[in-house]
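Descriptive analysis of the structure
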Amino acid sequence: MQRLARRWQSERIPVGFVPTMGYLHAGHLSLVKRARKEVGAHGKVVLSIYVNPTQFAPTEDLAKYPRDLQGDLRRCREAGVDVVFVPSDAEMYPQPAGEAYSTYVLEENLSRRMEGVSRPIHFRGVTTVVAKLFNLVLPRVAVFGAKDFQQATIIRRMVRDLHFPIKIIVAPTVRENDGLAKSSRNKYLSPAERPQALALSQAIQAAREQVRQAARPLPAAKLKALLTRQIQAHPAARVDYLEFFNPRTLEPASQVAPGVQMAMAVFMGKTRLIDNGLL
Ligand code: AMP
């Protein structure tokens, strides 16, 4: 991959990059479209598929994360992806002669909030693997989804702090017709849970409505309690976190007003779903 990327670099061919964990859906393909728009017809679009073990805790769904390489390759071909990069664990985390793998990239501020509270090692895995992928693919532009808002914010920070010469684009969340954010993990939802999963996007809509109707900023704690009650009225739902914050710094907002970002993680049965939106 790196040899190919260096050849493209020497030929002044720009690369647009879309990192994924596979099981591709319309959300991923919207990022491919955006990458193509950035690099043009003479540029190259690279999509990686790698289920990165270092971003999963031992209790999480690494082993059963859904996979469909043949289907993914077909979708990539149809979407005009030039190269699908599918590295192995041994390539991504070299351990020659059984030496333990030992180098990580750590963002120490934004990573500690929200997802980082529930999943303490998650973002260390994400920043590490994305830095590695950037060094292998040498993109001019990389496209991430707003679906993982905190992740995209952390990647932007890493790129700034470590001087990666890469433009980061965050593309809008693609949703099902009923509002559920598309996610590879939606496959885990049972027929009884699937309609209840609308609770997340409905909570964002409800928050927007509250903000629209309010004459002055709303106390975040009050709105959080209201929305948590509404979400947990669905029997399968348990709120992991629900936060209001500044979209640039991720600092918690004590008052909710237009321009505040909202994000949440909700367990639907055993499946953990996330969603977010700007109010
Ligand atoms: P994943 O394969 O879930 O790790 O996601 C790979 C990339 O696709 C990340 O940048 C995600 O934010 C993005 N993505 C996932 N779901 C969506 C969606 N529904 N809309 C837009 N982007 C998405």
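Anyway, here's the lowdown on the structure attached to this text. Here, residues in each chain are numbered from 1, in the same order as that chain's written sequence. Two thresholds apply to this predicted model, a pLDDT of at least 70 for residue-level local features and 80 or more for giving and counting side-chain atom pairs, whereas whole-chain, interface and lining totals are computed over all residues. Here the side-chain values reflect all heavy atoms present in the structure, with hydrogen atoms and water set aside.

It is worth spelling out the nonpolar core at this point. Nonpolar cores were defined as sets of buried Ala, Val, Leu, Ile, Met, Phe, Trp, Tyr and Cys residues, with membership established by side-chain atoms within 4.5 Å. Residue exposure (1.4 Å probe, protein chains only): buried if accessible area is under 20% of the type maximum, exposed if over 50%, otherwise partly exposed. In this structure, Val-46, Val-130, Phe-134, Phe-144, Ile-155 and Ile-168 are the most contacted members of the largest nonpolar core, which totals 38 residues. Under the scheme used here, helices are H or I runs from DSSP no shorter than 4 residues and strands are E runs no shorter than 2 residues, and both carry numbers assigned from the N terminus. Where this core is concerned, the elements lending two or more residues are strand 1 (15–20), strand 3 (83–85), helix 6 (122–137), strand 4 (141–145), helix 7 (149–161), strand 7 (237–245) and strand 9 (261–268). In terms of residues, this core owes the most to one element, helix 6, which gives eight residues. Viewed by domain, this core spans two of them, domain 1 (2–171) and domain 2 (184–278), each represented by three or more residues. Either an automatic procedure or a domain database provided the assignment from which the domain bounds are taken.

Looking now at the site of the ligand. Near residues are defined by distance, with any heavy atom within 4 Å of the molecule or strand qualifying the residue. Around the ligand, the structure places 17 residues, and the nearest of them are Met-21, Gly-145, Asp-148, Val-174 and Lys-182. One of the side-chain nitrogen or oxygen atoms of His-28 is found 2.9 Å away from an oxygen atom of the ligand. Throughout this description, a polar contact denotes any pair of N or O atoms lying within 3.5 Å of each other; where both atoms belong to protein, one of them has to be capable of donating a hydrogen while the other can accept it, and for residues adjacent in sequence the pair is counted only when both atoms sit in side chains. Contacts to the ligand include Asp-148, whose side-chain N or O atom sits 2.7 Å from an oxygen atom. Coverage of the ligand by the protein amounts to 92% of the 480 Å² it exposes when considered alone. Of all the secondary structure elements, the ones that give two or more residues to the shell around the ligand are strand 1, helix 2 (26–39) and strand 4. Examining the composition of the shell around the ligand, we find that three residues originate from one element, helix 2, more than from any other. Polar here means any residue other than Ala, Val, Leu, Ile, Met, Phe, Trp, Tyr, Cys and Pro, which are nonpolar, and Asp, Glu, Lys and Arg, which are charged; Gly is therefore polar. Tallied by class, the residues present in the shell around the ligand amount to seven nonpolar, seven polar and three charged. Here the accessible surface of atoms and residues is derived via Shrake-Rupley with a 1.4 Å probe, and residues count as covered only by protein chains that are part of the display.

Let us look at the sheet that holds strand 7. The three strands are arranged 7-9-10 in an open sheet whose pairing can be described as antiparallel. The strands lining the two open edges of the sheet, one partner per strand, are strand 7 and strand 10 (271–278). The mean angle between the axes of side-by-side strands here comes to 15°, regardless of whether they run parallel or antiparallel. Here a strand pair is declared whenever DSSP counts at least two bridges between the two strands. Bridge count between strand 7 and strand 9: eight bridges; the pairing is antiparallel. If you follow Phe-245 over to strand 9, its bridge partner there is Gln-261. Of the strands in this sheet, strand 7 and strand 9 are in contact with helix 10 (residues 220–232), which crosses strand 7 at around 155°. Here, axes are lines fitted to C-alpha atoms. For helices the fit covers the stretch in contact, and angles between N-to-C directions go from 0 to 180 degrees. We call two residues in contact when some of their heavy atoms are within 4.5 Å.

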